[in-house]
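For reference, the chains in residue letters:
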Amino acid sequence: ELKVEQNPLFLSMQEGKNYTIYCNYSTTSDRLYWYRQDPGKSLESLFVLLSNGAVKQEGRLMASLDTKARLSTLHITAAVHDLSATYFCAVGHYSGGGADGLTFGKGTHLIIQP
Amino acid sequence: DGGITQSPKYLFRKEGQNVTLSCEQNLNHDAMYWYRQDPGQGLRLIYYSQIVNDFQKGDIAEGYSVSREKKESFPLTVTSAQKNPTAFYLCASSLEGFGETQYFGPGTRLLVL
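Not measured: the values here are computed from a predicted model.

Quick notes on the rules
Residues numbered from 1 in each chain as written. Chains lettered and ligands numbered in written order. Predicted model: local features only at pLDDT ≥ 70, side-chain atom pairs only at ≥ 80, totals over all residues. Heavy atoms only, no water. Helix = DSSP H or I, 4+ residues; strand = E, 2+ residues; numbered from the N terminus. Rg over C-alpha atoms; globule rule 2.2 N^0.38 Å. Buried < 20%, exposed > 50% of the residue type's maximum accessible area, 1.4 Å probe, protein only. Contact = heavy atoms within 4.5 Å. Areas by Shrake-Rupley, 256 points an atom, 1.4 Å probe, with all protein chains shown as cover. Lys, Arg positive; Asp, Glu negative; His and termini not counted. Charge placed at Lys NZ, Arg CZ, Asp CG, Glu CD. Polar contact = N/O pair within 3.5 Å; in protein donor to acceptor, adjacent residues only side chain to side chain. Disulfide = S-S within 2.5 Å.

Q: Before we move on, can you summarise the overall build of chain B with the specific residues and values?
A: A count of helices and strands for chain B gives 0 helices and 11 strands. Taken from the N to the C terminus, the helices and strands of chain B come in the order β-β-β-β-β-β-β-β-β-β-β. What you see for chain B is a C-alpha radius of gyration of 13 Å, in line with the 13 Å of a compact globule of 113 residues. Looking at chain B residue by residue over its 113 residues, the buried ones come to 50%. For chain B, contacts bridging at least 24 residues in sequence account for 53% of all contacts bridging at least 6. Accessible surface for chain B amounts to roughly 5,500 Å². Of this, 48% is attributable to carbon and sulfur atoms. One way to put it: in chain B the 11 positive side-chain charges average out to a point 9 Å from where the 12 negative ones average out.

Q: Account for the side chain of B:Thr108, with residues named and values stated.
A: Residue placement: B:Thr108 occurs in strand S11 (residues 108–112). In this structure the side chain of B:Thr108 is engaged in a polar contact, spanning 2.6 Å, whose partner is the backbone oxygen of B:Pro8.

Q: So what's going on with the state of the cysteines? Which residues, and what values?
A: The final tally for this structure, using the stated rule, is 2 disulfides over all chains. The partner cysteine of A:Cys23 in its disulfide is A:Cys89, sulfur to sulfur 2.0 Å. Judged by the sign of its S-S torsion, about 80 degrees, the cystine formed by A:Cys23 and A:Cys89 is right-handed. A residue pair is termed long-range when its members are at least 10 positions apart, and A:Cys23 in strand S3 (residues 19–25) and A:Cys89 in strand S9 (residues 85–94) qualify at 66 residues. Given a relative accessible area of 0%, A:Cys23 falls into the buried group. The disulfide that involves B:Cys23 links it to B:Cys91, with 1.8 Å between the sulfurs. In this structure the cystine formed by B:Cys23 and B:Cys91 twists about its S-S bond by roughly -70 degrees; its chirality is therefore left-handed. Of this pair, B:Cys23 sits in strand S3 (residues 19–25) while B:Cys91 sits in strand S9 (residues 87–94), and the two are 68 residues apart along the sequence. Per residue, the accessibility class of B:Cys23 equals that of B:Cys91, and both read buried.

And the structure:
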């Protein structure tokens, strides 16, 4: 059974600081996704990571993937209040017969204070 | 505008009642998915479909049923067998291929009266 663990589950930080969210998964996977969810809203796709060593950046967010360690990180640089949200990582498998659903972590609730 | 629509936004279910949640997409995506989100939790996969007239159970399919008669539509029925249906239900779709992003609809909140 595939398990996805995120930590921390709750993070309060000040604007301007840097921090990293960690996502560990239990079995070999070929797809790692990061999503953002604002309160009461749906999920917004941030990154898709498909190979060992993959790194993607968008603004103040940077995601990386280490498939050997079964670890992905989401790094926040010089945080601003607008980045306050819940961040989910999700892991998927592609069976060859088609794209399967994703297994999600519990999410990291991030609050950025002025 | 291309996208995924879900209706209704809020749905109330009475004891013993079956209710159906609608999911429509005009993105020409092959694959569609249903997830359930409980407060403070991640999403859990209920059902998914890779092509029309075919679907597979996810991790928590008991008490739910789906159909995929059209490429654009993937309705979810919450049956009376689902004893704890109160949750936020999210529909997603994607192209059929390795590494394709799943895009999510706005969701339906189901509450039990």
